[in-house]
Amino acid sequence: MILLFVGFLILCGCAPWKSVDRIDLGMTKAQVLQQVGKPESVNGAGNEEYFWYIPANKFWTRYYVRFIDGKVESYGIVETKGE
């Protein structure tokens, strides 16, 4: 029974998430929210805004989506190991 429970916890920790691979340049914020979900944090100024994502099974990695005038201009991965 304990092994079954431990296996369940491992599988939950490795559960897939909606990754930035589903994002395309030019998408709107609404489209990104639909494809990837709610970001961990949001920041920016003026016509520039960033959505930040941290997947539960890769807590050492942050993904960003950069919007200019409300549309995706760039996106990618920021490794945070050792910080």
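Above this text sits the structure in question.
Since the model is a prediction, treat every value here as computed from it, not as a measurement.

> Give a detailed account of the nonpolar core, specifying residues and quantitative values.
Formed by Val 20, Ile 23, Met 27, Val 32, Val 36, Phe 51, Tyr 53, Tyr 63, Val 65, Phe 67 and Val 72, the largest nonpolar core amounts to 11 residues. The set of elements that each furnish at least two residues to this core consists of α2 (29-36), β2 (48-53) and β3 (61-68). Examining the composition of this core, we find that three residues originate from one element, β3, more than from any other.

> Kindly report on the packing of aromatic side chains, identifying the contributing residues and their values.
Summed over the entire model, instances satisfying the criterion amount to four aromatic pairs. For the ring pair Tyr 50 and Tyr 64, a centre distance of 6.3 Å and an interplane angle of 55 degrees mean the geometry is tilted. You can see Tyr 50 sitting in strand β2 and its partner Tyr 64 sitting in strand β3, a full 14 residues away along the chain. Through a chain of ring-to-ring contacts, three or more aromatic side chains come together here, namely Tyr 50, Trp 52 and Tyr 64. Positioned above the aromatic ring of Trp 52 is the side chain of Arg 62, whose terminal nitrogen or guanidinium carbon lies 4.1 Å from the ring centre.

> Please provide a residue-by-residue account of the pattern of salt bridges, values included.
Using the criterion set out here, one finds three salt bridges in the structure. In this structure, Arg 66 and Glu 48 form a salt bridge, with 2.7 Å as the shortest nitrogen-oxygen distance. Of this pair, Arg 66 sits in strand β3 while Glu 48 is found in strand β2, placing the two residues 18 residues apart along the sequence. With relative accessibility at 23%, the residue Arg 66 sits in the partly exposed group.

> So what about the environment of Tyr 63? Which residues, and what values?
Considering the arrangement of structural elements, one finds Tyr 63 in strand β3. Here the alpha-carbon distance between Tyr 63 and Phe 51, two residues 12 residues apart in the chain, equals 8.2 Å.

> Before we move on, could you go through the side chain of Ser 74 and cite the residues and values that matter?
On the secondary structure map, Ser 74 appears in strand β4 (residues 71-79). Within the structure, Ser 74 has its side chain in polar contact with the side chain of Glu 73 (distance 3.1 Å). The contacts of Ser 74, once residues within four sequence positions are left out, are Leu 25, Tyr 64, Val 65 and Arg 66.

What counts, and where the lines are drawn
- Residues numbered from 1 in each chain as written.
- Predicted model: local features only at pLDDT ≥ 70, side-chain atom pairs only at ≥ 80, totals over all residues.
- Heavy atoms only, no water.
- Core = buried A, V, L, I, M, F, W, Y, C linked by side-chain atoms within 4.5 Å.
- Buried < 20%, exposed > 50% of the residue type's maximum accessible area, 1.4 Å probe, protein only.
- Helix = DSSP H or I, 4+ residues; strand = E, 2+ residues; numbered from the N terminus.
- Phe/Tyr/Trp six-rings, centres within 6.5 Å; stacked < 30°, edge-to-face > 60°.
- Lys NZ or Arg CZ within 6 Å of the ring centre and 35° of its normal.
- Salt bridge = Lys/Arg side-chain N within 4 Å of Asp/Glu carboxyl O.
- Polar contact = N/O pair within 3.5 Å; in protein donor to acceptor, adjacent residues only side chain to side chain.
- Contact = heavy atoms within 4.5 Å.

No statement about biological role is implied by the geometric values presented.
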